Amino acid sequence: MDDVKSEAPKVAAAKSIDPAALEMLLHADECGIETAFHRADHMKPCPIGETGACCRICSMGPCRLVGKDAESKVGICGADLPTIAARHFARQVAGGVSAHSDHGRDMAMTLHAVASGEAPGYKIKDEQKLAAVAGYMGIATAGREVNEIGLDVANKALEQFGQPFGEIIYTRRATPKRQELWKKLKLTPRAIDREVAEVMHRTHEGVDLDAENILKSALRCSLADGWGGAMLSTDISDILFGTPSPLSSEVNLGVLKDDQVNVIVHGHEPTLSAMLVEASRDPVLIAEAKAAGAEGINLAGICCTSNEILMRYGIPAAGNFLHQELAVLTGAVEAMVVDVQCIMQALGPLAQRFHTQLITTSPKAKIPGAVHVEFDEHRAPETAAEIMRMAIANYKNRGPIHIPDYHEPLIAGFSHEYLNYMQGGFHRGSFRPLNDAIIAGRIRGLAGVVGCNNVRVTQDEGIVEMIKNFIARDVMVVVTGCAATAGAKAGYLSPEILDAAGPGLREVMEAIGIPPVLHLGSCVDNSRILTVLTQVATEGGLGEDIDELPAVGLCPEWMCEKAIAIGTYFAASGAHVIFGVSSPVKASSVATRLMTKGWEEMVGGDLEFIPDWDEMLARSLELIDEKRAALKLKPYDPSQFGDSGDSPYFAAIRDYLASQDEIETVGTPIYPLAEGHSHDHEHTHDGSGHTHAEGDDR
Ligand code: BF8
Ligand code: SF4
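Being a predicted model, the structure only gives us computed values, none of them experimental. (Residues numbered from 1 in each chain as written. Chains lettered and ligands numbered in written order. Predicted model: local features only at pLDDT ≥ 70, side-chain atom pairs only at ≥ 80, totals over all residues. Heavy atoms only, no water.)

Things to note about the site of ligand 1
Argument step 1. In the vicinity of ligand 1, the residues found are His 268, Cys 303, Cys 304, Phe 321, Cys 342, Gly 451, Cys 452, Cys 482, Cys 523, Met 559, Cys 560 and Lys 562.
Argument step 2. A distance of 2.6 Å is found between an oxygen atom of ligand 1 and a side-chain nitrogen or oxygen belonging to His 268.
Argument step 3. One of the side-chain nitrogen or oxygen atoms of Lys 562 is found 3.1 Å away from an oxygen atom of ligand 1.
Argument step 4. Here the residues of the shell around ligand 1 sort into 9 nonpolar, 2 polar and 1 charged. (Near = heavy atom within 4 Å. Polar contact = N/O pair within 3.5 Å; in protein donor to acceptor, adjacent residues only side chain to side chain. Nonpolar A, V, L, I, M, F, W, Y, C, P; charged D, E, K, R; others polar.)

This is the structure we're talking about:
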């Protein structure tokens with residue numbers, strides 16, 4: 001493809017466990033094109049910055065506290081290592097909170113425009129959710145018009161960002177015990193923007209110079225995300241686009257179509273992407289695509305925008321964070337439409353080497369090399385159609401394409417509301433069956449596996465290892481963000497994965513009728529996990545608060561500040577949280593201790609960094625079992641379960657079929673009668689040993 005081909009770096013298999021990624025990395029080599037995977041090989045992380053030992057807050061520095069005696073050194077101003085590490089960490093939290101919360105603010109602005117009748121193309125889709133949110137906010141609903149309530153909800157949501165007095169209203173959704181603890185510790189966030197601004201102020205040169213106090217402000221700031229901006233974002237997205245309920249779709253680069261106009265949405269917000277879903281189904285635009293020589297329009301997603309439209313419309317996911325460049329490399333993407341967050345600048349020059357039109361849409365985010373089509377909710381359908389037409393017009397410019405033939409089936413679309421409904425129906429919904437199963441030991445505990453890809457570790461490996469091992473050991477798993485996509489690509493969100501679950505977990509999942517790995521949505525939807533945990537805690541029998549639950553949160557492949565904010569708000573809410581990759585406060589044993597033992601004593605949750613997958617799993621199970629013991633629950637014993645439910649029945653049929661290989665089955669079983677997928681290539685669920693057939697090169 002160009003003259004640097006001979007120097008193209010060769011990519012080792014250790015880059016990813018996803019065969020589609022590996023195939024595309026080989027293709028990149030052949031084309032002489034570098035990706036983040038390649039760049040990571042010749043850009044090692046700076047060991048000083050990586051561990052939190054570098055301060056560049058003022059121009060007397062940057063000060064680097066390194067060497068064996070680093071912990072006794074100070075910067076020019078006298079700042080010591082705990083202060084420097086804590087300050088940097090707190091700023092990461094503030095960065096993450098601002099990203100999620102600004103997204104939440106935009107959702108509230110959209111709701112405001114919709115309820116005011118100024119956003120044609122949108123409407124309040126989920127009136128029941130609107131009523132529930134109005135209830136949380138103390139807004140009257142009886143006898144009122146939907147848009148009138150919607151406007152009040154939008155205004156109340158917007159107040160949460162800058163209210164001069166009071167506290168963030170959603171903190172009242174936490175358990176009474178947690179609310180009291182936050183009040184006692186002065187951790188209840190007051191206003192979202194205020195908490196972010198205050199952390200930035202405190203960590204300015206020469207303000208808060210006590211590591212413990214700095215980290216405490218990080219906890220409060222993070223709560224303004226989890227119980228503020230992110231939770232508002234989830235709720236308002238549900239109001240506008242519908243609360244998710246289970247649906248099936250597909251995942252991985254093989255969802256791209258060789259004979260259709262492929263449009264990828266990438267980023268985080270559902271506002272424009274929901275309109276692009278409509279546009280992709282518009283008969284006029286489909287006819288235009290056909291007139292351009294394509295068979296139709298194929299919309300797919302990357303990162304959390306993908307999760308937003310997967311959860312509500314079943315739009316397939318082309319991949320997670322590290323798939324963004326690989327998607328362009330297929331040569332089959334007519335337009336990649338991006339909004340905000342997790343978008344690599346590398347897409348600009350990369351898209352220019354293909355026919356792919358990179359389209360930025362947010363006034364907050366432009367990229368050199370991209371075309372900017374600014375999205376405005378007041379004229380959303382027109383913007384979506386304009387973008388679609390750009391993609392259609394670009395179809396004729398396609399060169400050679402290479403789509404790896406990997407696409408897994410998945411079930412997504414779980415929400416707190418749906419889980420409630422599944423456990424007792426519309427009128428008697430509760431979490432009782434789940435709590436009872438945990439108490440009985442059928443379910444050992446709960447794990448949230450969330451977060452990013454990070455090129456510093458093998459793509460998807462840590463995430464899939466955790467999911468695989470948890471469900472095999474009867475730990476029920478919820479997933480969000482890029483971790484959900486990773487699990488799905490490896491087959492763990494397929495309808496057939498029940499066989500990979502331990503005996504007790506399988507029985508319960510069969511009885512309730514849900515899979516053992518539940519996709520709860522995008523990264524702002526980690527707030528759904530807070531809601532689930534709070535309901536489990538208040539349902540009875542498992543203590544009174546999140547810190548008593550046999551539950552753990554993991555972010556094996558964390559990459560950005562948003563992940564740090566999420567980990568911190570889970571810790572502040574009482575959860576034990578384990579991150580992989582490396583610790584941003586590793587250089588300071590004091591800061592590390594404050595965030596582990598210190599936070600555990602203060603709020604019952606903590607944040608640990610464990611880069612080794614085996615250790616991460618062992619520690620997670622240890623934490624779950626410790627909580628079971630503290631609640632005086634039966635110790636976990638998998639040998640007691642597995643004789644009820646449908647599995648023994650299907651196992652017997654499977655054995656019978658194996659002995660009668662000529663027999664024909666009629667109809668589609670709800671659960672698989674044979675191992676593996678009814679898919680077009682072989683597959684195993686071992687997390688690393690994919691036995692996919694060679695992808696076709698087309
Ligand atoms: O918000 S998991 S890489 S896409 S930050 Fe980004 Fe991380 Fe993916 Fe979604 Ni979340
Ligand atoms: Fe150095 Fe202090 Fe300035 Fe940081 S704030 S760069 S430690 S002098």
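Here the narrative resumes, following the displayed structure.
Topic: the site of ligand 2
Argument step 1. Within the structure, ligand 2 sits among Cys 55, Ile 57, Cys 58, Met 60, Gly 61, Cys 63, Gly 75, Ile 76, Cys 77, Ala 79, Ile 84 and Arg 87.
Argument step 2. The residue inventory of the shell around ligand 2, partitioned by class, reads 9 nonpolar, 2 polar and 1 charged.

Re the nonpolar core
Argument step 1. Ranked by size, the top nonpolar core spans 181 residues in total, and within it Phe 89, Val 153, Phe 470 and Trp 599 carry the most contacts.
Argument step 2. Among the elements that make up this core, the one with the highest residue count is helix 9 (residues 211-241) (15 residues).
Argument step 3. The contacts of Phe 89, once residues within four sequence positions are left out, are Leu 215, Ala 218, Ile 564, Thr 568, Pro 584, Val 585, Met 595, Trp 599 and Leu 607.
Argument step 4. By size, the runner-up hydrophobic cluster in this structure holds 40 residues, among which are Ala 21, Leu 256, Leu 322 and Val 338. (Core = buried A, V, L, I, M, F, W, Y, C linked by side-chain atoms within 4.5 Å. Buried < 20%, exposed > 50% of the residue type's maximum accessible area, 1.4 Å probe, protein only. Helix = DSSP H or I, 4+ residues; strand = E, 2+ residues; numbered from the N terminus. Contact = heavy atoms within 4.5 Å.)

Concerning the coordination of the nickel atom of ligand 1
Argument step 1. Looking at the protein side alone, the nickel atom of ligand 1 has one donor only, Cys 523 (SG), at 2.2 Å.
Argument step 2. Around the nickel atom of ligand 1, the 4 donor atoms are arranged such that angles at the metal cover 90 to 159°; this shape is classified as irregular.
Argument step 3. Relative to the elements of secondary structure, Cys 523 occurs in the loop between strand 13 (517-519) and helix 22 (526-539). (Donors = N, O, S within 2.8 Å, 3.2 Å for Na, K, Ca; no water. Tetrahedral: all angles 85-135°; square planar, octahedral: opposite > 155°, others 65-115°.)

A closer look at the environment of Ala 483
Argument step 1. Following the sequence through the fold, Ala 483 ends up in helix 20 (residues 481-489).
Argument step 2. Between the C-alpha atom of Ala 483 and that of Cys 452, which follows or precedes it by 31 residues, the distance is 6.1 Å.
Argument step 3. For Ala 483, the residues in contact, after removing those within four places along its chain, are Val 449, Val 450, Gly 451, Ile 463 and Ile 467.

Keep in mind these values describe shape, not function.
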